[in-house]
Amino acid sequence: ESLQQRDIGDVLWQISEKRSCDEIAIRYDCGHDLRADIWAPSLPKTREYALAEAERGRYARHCIFVLTRDPGVTAMQISIPEGRCRHCGRGQRQMLICGPLQMNLTDAAIATRRLDLPLSGHAFLSAIGQVCRLPEGVPPPSLTPRAGCVLKIFDGAPLPHDGVRQWTRKEVEDAISRSIIKYVCAAMFALTLLPVGVFNLLAMRLDSGSGPKTNSTL
């Protein structure tokens, strides 16, 4: 099964270019699985990256950076069309499959209407990260409850059509550079304070050891 896992960069690239991916699909009772429409307006444009494998990996890391800046905020929207299966015209919607997560679509309250379902960056990476290869050193966010359970994962605010920022490659690289500089400066500041703290601790121990001694001889 692991041999069939696609790289997360290929999945994100497909979402950006085609507004869909093989891992998120609508299952109908006729047996057909059709890819759901996925809108992720904040992801960088693929045309800013070359087609080389290294560039695809860089694109994946940049998308993960964008999706995890505010992991609980709505970052994507999955749209499920109303009506019967568009392949055969007979099947009715059964469930939405999002990686290992499933959402029941047979409830009478939602069975006959179009659904626009918000999805946070954390929820997306938690689900897709179980069935795709993430960049080396990037573990998938944990799923709660465990994978394979039926979850209500779409409980955020709808994704607005206006005012959503689409990151450029340069903006992502600049933001990553600023983050690295911030952490390096914090580490250097901590290393600078460490000798001072050790010196103060040593001085306190020396002061306590050189205090006046009482003569216990009568």
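Up top is the structure these notes are about.
Residues numbered from 1 in each chain as written. Predicted model: local features only at pLDDT ≥ 70, side-chain atom pairs only at ≥ 80, totals over all residues. Heavy atoms only, no water.

Within the sequence span of helix α1 (residues 8-18), burial applies to I8, G9, V11, L12, W13, Q14 and I15. A side-chain oxygen of the first residue of α1 lies 2.8 Å from the backbone nitrogen of G9; this N-cap is D7. Among the residues trailing α1, R19 stands out with phi positive, at a value near 55 degrees. (Buried < 20%, exposed > 50% of the residue type's maximum accessible area, 1.4 Å probe, protein only. Helix = DSSP H or I, 4+ residues; strand = E, 2+ residues; numbered from the N terminus. Polar contact = N/O pair within 3.5 Å; in protein donor to acceptor, adjacent residues only side chain to side chain.)

What follows is about the side chain of S20. Mapped onto the secondary structure, S20 falls in the loop between α1 and β2 (24-28). In this structure the side chain of S20 is engaged in a polar contact, spanning 3.3 Å, whose partner is the side chain of R35. Apart from the residues lying within four places of it in its own chain, the contact partners of S20 are Q14, I15, R35, A36 and I38. (Contact = heavy atoms within 4.5 Å.)

This part covers the packing of aromatic side chains. In total, this model carries 3 aromatic pairs according to the counting rule given. With a centroid separation of 6.3 Å and 90 degrees between ring planes, the pair formed by F65 and W167 is classed as edge-to-face. Residue F65 is found in helix α2 (residues 53-69), and its partner W167 is found in the loop between β9 (132-133) and α4 (169-209); the two are separated by 102 residues along the sequence. Judged by relative accessible area, which is 16%, F65 ranks as buried. Cluster of aromatic residues (ring-pair linked, three or more members): W13, Y49 and Y59. We note R56 situated over the ring of W13; from NZ or CZ to the ring centre the distance is 4.0 Å. When the ring centre of W167 is taken as origin, the NZ or CZ atom of R165, which lies over that ring, is 3.8 Å away. (Phe/Tyr/Trp six-rings, centres within 6.5 Å; stacked < 30°, edge-to-face > 60°. Lys NZ or Arg CZ within 6 Å of the ring centre and 35° of its normal.)

Moving on, we get to the pattern of salt bridges. Between side chains of opposite charge, a pair can form when the charged atoms approach closely. The tally for this structure, following the rule as stated, stands at 12 salt bridges. Taking the shortest distance from any N to any O, the salt bridge between R27 and D33 comes out at 2.9 Å. Taking relative accessible area as the criterion, R27 reaches 35% and is therefore assigned partly exposed. A salt bridge links E55 to R169; the shortest N-O distance between them is 2.7 Å. Remark: R169 occurs in helix α4 and E55 occurs in helix α2; sequence separation between them is 114 residues. The exposure classification of E55 matches that of R169, with both residues buried. Bridged by salt links that share partners, the residues R6, D22, E23 and R35 form one connected network. (Salt bridge = Lys/Arg side-chain N within 4 Å of Asp/Glu carboxyl O.)

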